[in-house]
Each structure stands twice: as structure tokens, then as C-alpha cells.
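Close look at the chain arrangement
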Amino acid sequence: MATSLYKLLTRSKPHSHMYSTSHSLQKHFSAVADSSFSTSAALGSQTSSPAPTQDNKRGSRWTQLLLFLPGAITFGLGSWQIVRREEKIKTLEYQQQRLKMEPMKLNAEHPPDKNLDALEFRRVSCKGVFDEQKSIYLGPRSRSISGVTENGYYVITPLLPIPGDLDSMQSPILVNRGWVPRSWRDKAQEESTESDSVTNESTVVKPPSIEQSSWWKFWSKTPVVPKEQAISTVKPVEVVGVIRGGENPSIFVPANDPSIGQWFYVDVPAMARAIGLPEDTIYVEDVHEDIDRSNPYPVPKDINTLIRSKVMPQDHLNYCITWYSLSAAVTFMAYKRIKPKSGRR
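Everything in this summary refers to the structure shown in the same document. Quick caveat: nothing in here was measured; it's all calculated off a predicted structure.

**Here we look at the pattern of salt bridges**
Summed over the entire model, instances satisfying the criterion amount to eight salt bridges. For glutamate 279, the salt bridge is made with arginine 273, and the minimal N-O distance between the two is 2.5 Å. Connected through shared salt-bridge partners, Arg244, Glu285 and Lys301 make up one network.

**Considering the nonpolar core**
Counting 15 residues, the largest nonpolar core has Leu138, Ile156, Leu174 and Met271 as the members making the most contacts within it. Contributing elements (two or more residues each) for this core: strand S3 (136–145), strand S4 (148–160), strand S5 (173–181) and helix H7 (268–274). Take this core: its biggest share by element is four residues, from H7. Isoleucine 156 has contacts with Lys134, Ser135, Ile136, Leu138, Leu174, Val175, Asn176, Met271 and Tyr283, leaving out every residue within four places of it along the chain. By size, the runner-up hydrophobic cluster in this structure holds 13 residues, among which are Leu106, Val175, Val239 and Ile243.

**Quick notes on the environment of lysine 127**
Tracing the backbone shows lysine 127 in strand S2 (residues 123–130). In sequence terms lysine 127 and asparagine 107 are 20 residues apart; their C-alpha atoms lie 7.9 Å from each other. Discounting chain neighbours no more than four positions away, the residues touching lysine 127 are Ile162, Asp165, Asp167, Ser168, Met169, Val237 and Glu238.

**Things to note about the packing of aromatic side chains**
Inspection of every chain in the model, using the stated rule, returns four aromatic pairs. Centre to centre, the rings of tryptophan 184 and tyrosine 297 are 6.5 Å apart; their planes meet at 70°, and the pair counts as edge-to-face. Taken together, the positions of tryptophan 184 in helix H5 (residues 182–202) and tyrosine 297 in the loop between strand S7 (283–286) and helix H8 (313–344) put the pair 113 residues apart, joining distant regions of the chain. Here tyrosine 297 falls in the partly exposed class, since its relative accessible area comes to 26%. Put simply, the rings of Trp179, Trp184 and Tyr297 pair up and form one aromatic cluster. When the ring centre of tyrosine 153 is taken as origin, the NZ or CZ atom of arginine 185, which lies over that ring, is 4.6 Å away. When the ring centre of tyrosine 154 is taken as reference, the NZ or CZ atom of lysine 301 above it lies at 4.9 Å.

Cut-offs and rules
Residues numbered from 1 in each chain as written. Predicted model: local features only at pLDDT ≥ 70, side-chain atom pairs only at ≥ 80, totals over all residues. Heavy atoms only, no water. Salt bridge = Lys/Arg side-chain N within 4 Å of Asp/Glu carboxyl O. Core = buried A, V, L, I, M, F, W, Y, C linked by side-chain atoms within 4.5 Å. Buried < 20%, exposed > 50% of the residue type's maximum accessible area, 1.4 Å probe, protein only. Helix = DSSP H or I, 4+ residues; strand = E, 2+ residues; numbered from the N terminus. Contact = heavy atoms within 4.5 Å. Phe/Tyr/Trp six-rings, centres within 6.5 Å; stacked < 30°, edge-to-face > 60°. Lys NZ or Arg CZ within 6 Å of the ring centre and 35° of its normal.

Okay, here's the thing in C-alpha cells:
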């Protein structure tokens, strides 16, 4: 029995050895498979990681370039102000040269040229008579007198030719006679209203009076003035002024309303049309310096104010310095922004 038990034990040992060997091989293959899977995963992650890194680099480059965009824009605006300053200097020099020329007489021998570009800022001398009833008041416009600011208007009156006078102009023009206070306009409107009422009353048909009869005209010594010669009774004037064009209003200036006689800026064709003149009528600004102290109004414009602009060359220079300063500041901030990132790399 001992012999059989020994044989049984010797037979069971190889089976147990084979079982342990197979179990160890299974563990070894599973470990190799896990290691190969992790290696392939790691390799896959390494091959896929460079693509987003390149996209990030491209995006960062565009971002860095955009940081310098405001500096480039402000630099361009500063350079544009330099060009505008040079253009403004040439324009003012041209205007000064035109104003220094002798006044040109507008009469039968020298009719005005309708080309306003060739006539603008040219001094002219015009002889005629003012039609006060058709005056246009431009404003309100303020004027400082001895440190006190007073509101008023520019009065623009048509200057009509004198019939039969060769030294007079041959076509009507518009003349900006100068600045007047508000009371001047109110008084002119009252006189215009009264004259209109008198005119309406005179249109009523009346029976012929004794003075209108033929025998009374024969015996009367009072001369009868024809209607055609009425203009000659008005005192002629000679205006020395500068030919100008219309104004370019800003977006804050209200629109003109000719129906109620409200004018905020000079619109030569519209003004001429409102008082029955051709649209190509010449517009002249009076600049004479002979002011009557007893009757100072209207006050003509100073000739030095005609060569001034809303934006002078010094203003363009100030704008240029401002834009260049902003460009330098923005560019410096952009450089400081990208410098730490480039240092870490």
C-alpha cells in the first residue's frame, strides 16, 4: 500500500508542475500584451500631439501681429495729417496772393466770368444800388465787441446795376455787407411789413384825382418821375469785396428754410433763387475798411478772417504729434506683451 501511495504522488507532481508552468506563461503573455498596448498608445499620442502644437504656434503669430495693428493705423493717421498740413499751407498761400492783387472792376468792359473757381478769392470793385427790401439775414452769428459777445446776423443784399451807366455792373450780384445786431433785423422786418401793407392799399382802384387829370399836369410845376427812372433816385454805392463760394455746413448745422426766410449757412444758388435772381449769381463779401462811426452797421468782414480755416496748419501739426504719440505708446505695449512669451521659449 505504501508502494501504491508513492506512485500516486510521483504521478501528481508532473501535472502540478505543468499547471504552474502554464499559469506563469499566461501571466507573462498578458504582461507583454499590456506593455505593447501601452507602448502603442504612447506612440499614438506622441504622433498626434504635434498637430495642435503647430496650430497654436500659427494662432499665436497672428495674435502677435494683431497687437501691432493699432500702432500701424495711428502711424498712418499721423502721416496723413502731415500731408493735409502741406495742402493747407499751399491753399492759404494761394489765397493770400489773390487777396494782394488789385481789385478788378466789374463793369461793361470787364464782365464777370461765371467760372467761380477762377474768380474765388479775387478782389473786385462793383458799382450799383442796393435793393434793401430783398435783404437776407444769415445767422444767428455772434460777434465779440470789447469783450462782450453779442448775437446778430450777416446781412446779404442784392446789388443791382444802374441802367445806362457803363461804369456800373451789368448783372446783379449778392453782397454780404457785414454783421448787424439783432435789433437791426427786427427793425428791417417791421419796415418790410409796413411797406407791404402800404403796397396792398395802393393796389385798390381809386377814382382819378385832380392832380392826375391832364389839365392839372399841364399847369402843375411838379415833375412826374417815370417808374423806369425810380432806380436812378437811389444813391449808388461802390462795393470793394472778395468773391467767395458757398459754405459747406457740418452735420450739426440746421437746414435752411427759404419759405420763412431762415438761413443758417451760405447757399448761393438757393439764396439767388429765393429773391428772383439766376442761380449762377456771383457772391461777394464786403471787406472795405472805411467805416462811418455815426452809422457803423453793417460791420464788414476783416480781410484777415477770410484766409482762416476751421483747421489751420498748426492744428494739423498738433494732430500729427498726437497720432504719432499714440502709435509709439501702443507699439511699445504690444512689444512688452509678447516679450515675456518669447523669453520663456
